[in-house]
Amino acid sequence: MIECRAPGKLYLAGEYAVLSPGRPALIMAVDRFARVRVTDAAATTVHTDLCAGHEHSIARDGDRVRLRHHDRPADQLASVAAAIAIVERLVRERNLPPRTGRVEITTDLHGTGGRKLGLGSSAAVTVAVIDALARHHELRLPPAHRYRLAMLASMTADPHCSGGDLAAATFGGIVRYQRPDPRALRMPPGWTVDDALHRPWSGLSITPVEIPPGLRIEVGWTGSPARSAERVAVLYSRGGTEDPRYGRFLARSDAAVDRITVALADGDIAAVAAEIRLVAASLATLDREMGLGIMTPALSELCRIAEAAGAAAKPSGAGGGDCGIAVLDAADLDAARAITTGWRRAGIDPLSLALVPSTALASSTAVCATQKGTPA
Ligand code: PMV
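Heads up: these notes are all about the structure in this document.

The rules behind the values
Residues numbered from 1 in each chain as written. Predicted model: local features only at pLDDT ≥ 70, side-chain atom pairs only at ≥ 80, totals over all residues. Heavy atoms only, no water. Helix = DSSP H or I, 4+ residues; strand = E, 2+ residues; numbered from the N terminus. Buried < 20%, exposed > 50% of the residue type's maximum accessible area, 1.4 Å probe, protein only. Contact = heavy atoms within 4.5 Å. Polar contact = N/O pair within 3.5 Å; in protein donor to acceptor, adjacent residues only side chain to side chain. Axes fitted to C-alpha atoms, helices over the stretch in contact; angles between N-to-C directions. Parallel < 35°, antiparallel > 145°, perpendicular 65-115°, else oblique. Left-handed = near helix turned anticlockwise from the far one by under 90°. Nonpolar A, V, L, I, M, F, W, Y, C, P; charged D, E, K, R; others polar. Pairing = 2+ DSSP bridges. Phe/Tyr/Trp six-rings, centres within 6.5 Å; stacked < 30°, edge-to-face > 60°. Lys NZ or Arg CZ within 6 Å of the ring centre and 35° of its normal. Near = heavy atom within 4 Å. Areas by Shrake-Rupley, 256 points an atom, 1.4 Å probe, with all protein chains shown as cover.

With that out of the way, let us pick up the environment of Asp-349. Of note, Asp-349 is situated in strand 13 (residues 349-351). What makes Asp-349 partly exposed here is its relative accessible area of 38%. For the pair formed by Asp-349 and Cys-323, sequence separation is 26 residues and the distance between their alpha carbons is 9.2 Å. With residues near it in sequence (within four places) discarded, Asp-349 still touches Val-219, Gly-220 and Trp-221.

Take a look at the structure:
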């Protein structure tokens, strides 16, 4: 039996900008996880609490995989199906013996009543499925290859996705992430998965960023689940990444991400907070100019309460609901208390989350266990 887990994520800065190849975002892994267990079985099936524990069978069509519960297709599991398909394809291409298995997926990335928190559950599930299936098939894949497989799988479900959530789920810690150019991911006819793993992905950059001990991040959940892809679709329907309003946003976002990276390395929390305020203002301007629906009354209130307590705050991710973050000095316990009390009064749920250090992911035994004494 193989058991793997991958963490959820939050955007510290650079959301929307990261949709453009070569533009950076800072994304942090948080300690809510997708867990995947694979056990040998006569046929491959998928069981997941994302769909009330239903058993999904697999339908194969060439290199494609579809998941079905009885006769109904499970469209919400498209990236899981794509993850299974790409691992199985690599197994075939490497002439390894095919293995079937029961794939069980559980997560603690949802809130009360199973509502989406916006912590990147789909990305964490995709990354954990790839890791677990790769180990089940005894493929020895380094994290960079697992990220690439996850990216190829996710793009079949959402062609616009930046993959920042996949990078955080794969590597942990805080990553400075730049997406690959989608043109570099257009594979020539007859491509193999190993080609995709080894050819250059122009624009891609994933680097770990140090987390200073003095940094505290409070996370508030607005209680309204939001679909990020919808807001991104609005952006593309209104001029997309070529729009000059988006271009002005990009310049401000890039500069802020660069300065936050330096401030994090210096442990200068006041400078991190000042830049977070600039990112929040740039997102608000982009939202106003292009009508993306990033800011909601609950997110504005979340930011106002945190600012009143002396912290810097912003929506995290695509907005429209989900979560916002407040950045403050870890020593300022009064401010932290004022924020969480104020949020609760305003109907915003403070989430108790910790950063998952990247070292935890580097040492696979901490997050991924293989039973029967096989080394992970
Ligand atoms: O809402 P989230 O946390 O899934 O973040 C979306 C971030 C975007 O840049 C808007 C989209 C993306 O794919 O990076």
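Next comes the rest of the account.
Next up on the list: the side chain of Ser-282. Here Ser-282 is to be found in helix 8 (residues 269-290). Note on Ser-282: relative accessible area 5%, which makes it buried. A distance of 2.8 Å separates a polar side-chain atom of Ser-282 from the backbone oxygen of Leu-278.

Once that is clear, we can look at the side chain of Ser-154. Secondary-structure assignment places Ser-154 in helix 3 (residues 143-157). For Ser-154, a relative accessible area of 10% corresponds to the buried category. Ignoring sequence-local partners within four residues, the contact set of Ser-154 consists of Thr-126, Cys-161 and Leu-166.

Between helix 1 (residues 78-93) and helix 2 (residues 121-136), whose axes approach to 9 Å, the crossing angle comes to 25°. It follows that helix 1 is roughly parallel to helix 2 by the angle criterion. The interaxial crossing formed by helix 1 with helix 2 has right-handed handedness. On the side of helix 1, the interface is formed by Ser-79, Val-80, Ala-83, Ile-84, Ile-86 and Val-87, while helix 2 contributes Ser-122, Val-125, Thr-126, Val-129, Ile-130, Leu-133 and Ala-134. A breakdown of the residues in the contact of helix 1 with helix 2 according to their chemical character gives 10 nonpolar, 3 polar and no charged.

Below, the discussion takes up the pairing of strand 4 (residues 55-61). By the bridge criterion, 3 bridges tie strand 3 (residues 45-48) to strand 4 in an arrangement that is antiparallel. The residue of strand 4 that forms the bridge with His-47 is Glu-55. Here strand 4 pairs with strand 5 (residues 64-69) via 5 bridges, running antiparallel. Its bridge partner lying in strand 5, Ala-59 is registered against Arg-66.

Below, the discussion takes up the sheet that holds strand 10 (residues 215-221). The 4 strands are arranged 11-12-10-13 in an open sheet whose pairing can be described as antiparallel. Among the strands making up the open sheet, the edge pair consists of strand 11 (312-315) and strand 13. If you compare each strand with its neighbour and ignore which way they point, the axes differ by 30° on average. Looking at chain direction, strand 10 and strand 12 (residues 323-329) are connected through 7 bridges and run antiparallel. Each residue of the ladder has a partner; that of Val-219, found in strand 12, is Ile-325.

With that settled, the discussion passes to the packing of helix 1 against helix 3. Working note: a packed helix pair is described by the angle between its axes plus the distance between those axes. Running from N to C, helix 1 and helix 3 point in directions that differ by 135°, and their axes come no closer than 8 Å. With respect to helix 3, the axis of helix 1 lies oblique. Viewed along their axes, helix 1 and helix 3 form a crossing whose handedness is right-handed. The residues of helix 3 that touch helix 1, namely those facing Ala-78, Ser-79, Ala-82, Ala-83, Ile-86 and Leu-90, are Leu-149, Leu-152, Ala-153, Thr-156 and Ala-157. For the contact of helix 1 with helix 3, the residue count by class is 9 nonpolar, 2 polar and no charged.

Evaluated as defined, the whole model comprises 3 aromatic pairs. Between Tyr-147 and Tyr-177 the ring centres are 6.1 Å apart and the planes differ by 70°, which places this aromatic pair in the edge-to-face class. Pair noted here: Tyr-147 is in helix 3 and Tyr-177 is in strand 8 (residues 174-178), with a separation of 30 residues, a long-range link. For the pair shown, Tyr-147 and Tyr-177 are each scored as buried. Three or more aromatic residues link up through ring pairs in this structure, and these residues are Tyr-147, Tyr-177 and Trp-201. Just above the ring of Phe-33 sits the side chain of Arg-5; from NZ or CZ to the centre is 3.8 Å. Above the plane of the ring of Trp-191 lies Arg-89, whose end atom (NZ or CZ) is 4.1 Å from the centre.

Below, the discussion takes up the site of the ligand. Close contacts around the ligand come from Lys-9, Tyr-11, Glu-15, Tyr-16, Val-18, Leu-19, Cys-161, Ser-162, Ser-228, Val-232, Gly-317 and Ala-318, and that covers them all. Within the side chain of Lys-9, one N or O atom sits 2.8 Å away from an oxygen atom of the ligand. Backbone polar atom of Tyr-16 to an oxygen atom of the ligand: 2.9 Å apart, as the coordinates give it. For the ligand, whose unbound accessible area comes to 380 Å², protein coverage reaches 89%. Of all the elements in the fold, those that place two or more residues in the shell around the ligand are strand 1 (2-13) and helix 6 (228-237). For the shell around the ligand, a count of residues per class yields 7 nonpolar, 3 polar and 2 charged.

The next thing to look at is unusual backbone geometry. With the exception of glycine, the majority of residues adopt a negative phi angle, and the majority of peptide bonds are in the trans configuration. In the Ramachandran plot, Tyr-16 falls in the positive-phi region, its phi being about 70° despite a non-glycine side chain. Counting through the fold element by element, Tyr-16 comes out in the loop between strand 1 and strand 2 (25-40). A positive phi angle, near 55°, is found at Asp-322, a position not held by glycine. With respect to the helices, strands and loops of the structure, Asp-322 is situated in the loop between strand 11 and strand 12. Asp-322 sits in the buried class, given a relative accessible area of 5%.

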